[in-house]
Amino acid sequence: MDSIFSSVKNAASSSVSFVSNGVSGMTESVGSSFTTLAVLNAETKAKILGMSPLTLAKVGRVIKNMQASAYKFSNDEIDLVVKTLYVNQSDANLRSSYEMLDVKLNSTAEDNLKAADLRTILPLLGDDITEEKLDNLFKEHDPEGTGNVKFNEFKPLFLAMNPKSEGLMSNVPGMSFVVGGVSSIASGFGSNFKTLSVLRAATKAKLLGGSPLQMAKVGRLITSLQNCEYKFTDDEIDDYVRTLFVTQEEADFQALYRLIDVKLNGTEQSKIPTDKLKALYPLLAEDLSHEKIAELFTQADPESSGSIEYDEFKMLLIQTNPNITEPAPGSKPRQSVFEKFGF
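In this report, we go over the structure that sits alongside the text. For clarity, every value in this text was computed on a predicted model and none was experimentally measured.

The rules behind the values
Residues numbered from 1 in each chain as written. Predicted model: local features only at pLDDT ≥ 70, side-chain atom pairs only at ≥ 80, totals over all residues. Heavy atoms only, no water. Buried < 20%, exposed > 50% of the residue type's maximum accessible area, 1.4 Å probe, protein only. Helix = DSSP H or I, 4+ residues; strand = E, 2+ residues; numbered from the N terminus. Arc of directions from axis to C-beta. Contact = heavy atoms within 4.5 Å. Expected span 1.5 Å × (residues − 1). Phe/Tyr/Trp six-rings, centres within 6.5 Å; stacked < 30°, edge-to-face > 60°. Lys NZ or Arg CZ within 6 Å of the ring centre and 35° of its normal.

**Notes on helix α14 (residues 274-284)**
Burial in α14 covers these residues: Thr274, Leu277, Leu280, Tyr281 and Leu284. One face of α14 carries all of its buried residues, which in axial projection span an arc of 130°. Residues of α14 that are exposed and point more than 90 degrees away from the buried face comprise Asp275 and Ala279.

**Let's talk about the side chain of aspartate 261**
When you line up the elements, aspartate 261 lands in helix α13 (residues 250-265). When sequence neighbours within four positions are dropped, the list of residues in contact with aspartate 261 reads Gly266, Thr267, Glu268, Gln269, Ser270, Lys271 and Ile272.

**Structural notes on unusual backbone geometry**
At serine 107, a residue that is not glycine, the phi angle is positive and equals roughly 75°. Along the chain, serine 107 turns up in the loop between α5 (91-106) and β1 (113-114).

**Side note on helix α3 (residues 53-68)**
Its 16 residues give α3 an end-to-end C-alpha distance of 23 Å, which sits within 8% of 22 Å, the value for a rise of 1.5 Å per residue. Along α3, the residues that are buried comprise Leu56, Ala57, Lys58, Val59, Gly60, Val62, Ile63 and Met66.

**Some details on the packing of aromatic side chains**
Under the criterion given, the structure shown has 7 aromatic pairs. With a centroid separation of 5.7 Å and an interplanar angle of 80°, the aromatic rings of tyrosine 257 and tyrosine 310 are classed as edge-to-face. Taken together, the residues tyrosine 257 in helix α13 and tyrosine 310 in helix α16 (residues 310-318) connect sequence positions 53 residues apart. Of the residues examined, tyrosine 257 reaches a relative accessible area of 6% and is grouped as buried. Note that lysine 263 overlies the ring of phenylalanine 232, its terminal NZ or CZ placed 5.1 Å from the centroid.

Here's what the structure looks like:
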């Protein structure tokens, strides 16, 4: 019995070590990928950032391979390949990728790729592809050995660079626990990703990759603004989210003040009725108790004037996102973690 218990204990320990080392390596790879993704268009980047860490790391390696290759791929060409392989494998995107590689490999459009040339490109796009697999792929799609690859033959060769890998780790002891946890997190993200669809691509790209707690908070805020009596438009919701969670710049705070001023007053009056803002505030500050909200409004309007001016509004708004800190006088504008990574 002791020997059985010892074997089980050792197996569990090995699984934990495997997972821990894998997560550590994956974290480093994903961190590097964040910087690399800066070359992608905002819309492509937003889609990629919502994918699994393994996919994110793989996309990062594909981008680096293409950047370092002798073919000198431009950022737009890299974006096209990544979008086609990982975001939208439509015939239109595949055709665009084929035509791009046709010109890249032949110098002019010939509607024909040489198998030998394409074979040097494909390993850049599928870093886990073996020589044996490449041999089998080309034999399957060019059985007569013509040495030429037309569009219909190109499609399966190209798509093979992004094979499905579901269940890859299912037989590793202890992985069911990890997979279950990841699935639970993913289900929570799913609703937030759908909610974020109302945002502009640039705002969405900045937000995706944030912490799960922040993502959930942004999702709930968007839902609250959509369902409240003031009927915020998608653009107005984007302005609010961008100001509070992305830019935190003075000009954006001022624009948001004018927006709320008009929204609550009907016309711009350069002051916001305290009672109306107080009614809206709980939707924006779900983390604050009613007592804390009452205390904040007392601080903002100590004389009970009945109106909130810009400086008071900004102070109240900042309290809805405690991560915002006022910069010291004369300091440089704050830089978000996304900007540090080049997003």
